[in-house]
Amino acid sequence: MAELLIVYHSKTGGSRQMAEAAAEAAREETRTDLKTADRAGPDDLLRADGYIFCAPENLAAIAGVMKDFYDRCYYPVLGRIEGRPYAQMVCAGSDGENAARQTARIATGWRLKEVQPPLIVCTHAQTPEEILAEKTIPEEQLALCRDLGRALAAGLAMGVY
């Protein structure tokens, strides 16, 4: 059975909710492993057949804990996961595009295959208080996360990728 790995980081809960929604739906289709970025490593990437990466955008960049995951895993799996499918989700206060570009650049180096454009959920948090507050992602946005997880997992299960 194919395995989907979902790696996420979340400080205020938004990315966690997104990753959990994707995992919940993906589990209906195939084996799915949901791991925080600080606990995921090269062996997890090597074991999985496809990936969803989910993180907040902090200061117009991917969150540091997610960057640490990529730093720890990049060279140990380089040349060993080429062609595997991936998608990404970004929880952003206003934009999310730069974080998505950074993750896409790393995925390009790994020679992963993007199977859908990045899903960016914008919370519109602009003040320090809003940015640091616990997030609640609206149901309609979580539905998009579930759709992404289900679609990627179904594609893996059917051998489409």
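About the cut-offs
- Residues numbered from 1 in each chain as written.
- Predicted model: local features only at pLDDT ≥ 70, side-chain atom pairs only at ≥ 80, totals over all residues.
- Heavy atoms only, no water.
- Phe/Tyr/Trp six-rings, centres within 6.5 Å; stacked < 30°, edge-to-face > 60°.
- Buried < 20%, exposed > 50% of the residue type's maximum accessible area, 1.4 Å probe, protein only.
- Helix = DSSP H or I, 4+ residues; strand = E, 2+ residues; numbered from the N terminus.
- Expected span 1.5 Å × (residues − 1).
- Contact = heavy atoms within 4.5 Å.
- Axes fitted to C-alpha atoms, helices over the stretch in contact; angles between N-to-C directions.
- Parallel < 35°, antiparallel > 145°, perpendicular 65-115°, else oblique.
- Left-handed = near helix turned anticlockwise from the far one by under 90°.
- 1 Å grid on protein atoms, 1.4 Å probe; cavity = no way out; pocket = protein on both sides within 12 Å on 5 of 7 lines; lining within 4 Å.
- Points joined across faces, edges and corners; volume = space filled by probe spheres on them.

(A) Highlighting the packing of aromatic side chains. Scanning all chains against the criterion turns up nine aromatic pairs. Considering the side-chain rings of Phe69 and Tyr70, the 5.3 Å spacing of their centres and the 55° angle between planes classify their relative orientation as tilted. Just as Phe69 is buried, Tyr70 falls in that class too. Ring centres 5.7 Å apart and planes at 15° place the aromatic pair Tyr74 and Trp110 in the stacked group. Here Trp110 lies in helix H4 (residues 97-110) and Tyr74 lies in helix H3 (residues 64-77), a separation of 36 residues in the sequence. Each member of the pair, Tyr74 as well as Trp110, is classed as buried. Three or more aromatic residues joined by ring pairs form one cluster here, namely Tyr51, Phe53, Phe69, Tyr70, Tyr74, Tyr75, Tyr86 and Trp110.

(B) Broad picture of H4. For H4, with 14 residues, the first-to-last C-alpha span of 20 Å sits near the 20 Å given by 1.5 Å per residue. For H4, the set of buried residues is Ala99, Ala100, Thr103, Ile106, Ala107, Gly109 and Trp110. In this structure, the buried side of H4 is in contact with helix H2 (42-47), strand S3 (50-58), strand S4 (61-62), H3, strand S5 (85-92) and strand S7 (119-122). Arg111, located one to two residues past H4, shows a positive phi value of around 65°.

(C) The arrangement of the packing of H3 against H4 in detail. Where H3 contacts H4, the two axes come as close as 10 Å, and the packing angle between them is 15°. Classed by the angle they form, the pair H3 and H4 counts as roughly parallel. The handedness of the crossing between H3 and H4 is left-handed. Here Tyr70, Cys73, Tyr74 and Val77 of H3 come into contact with H4, specifically with Thr103, Ile106, Gly109 and Trp110.

(D) The arrangement of the layout of surface pockets in detail. The volume enclosed by the largest pocket comes to roughly 470 Å³. In terms of lining, the largest pocket is formed by 22 residues, of which the most central are Pro56, Glu57, Asn58, Gly93 and Ile131. Listing elements by their share of the lining of the largest pocket, those giving two or more residues are helix H1 (14-26), S3, S5 and helix H5 (128-132). Looking at which element gives the most residues to the lining of the largest pocket, the answer is S3, with three residues.

Function-wise, these values are silent; they only describe arrangement.
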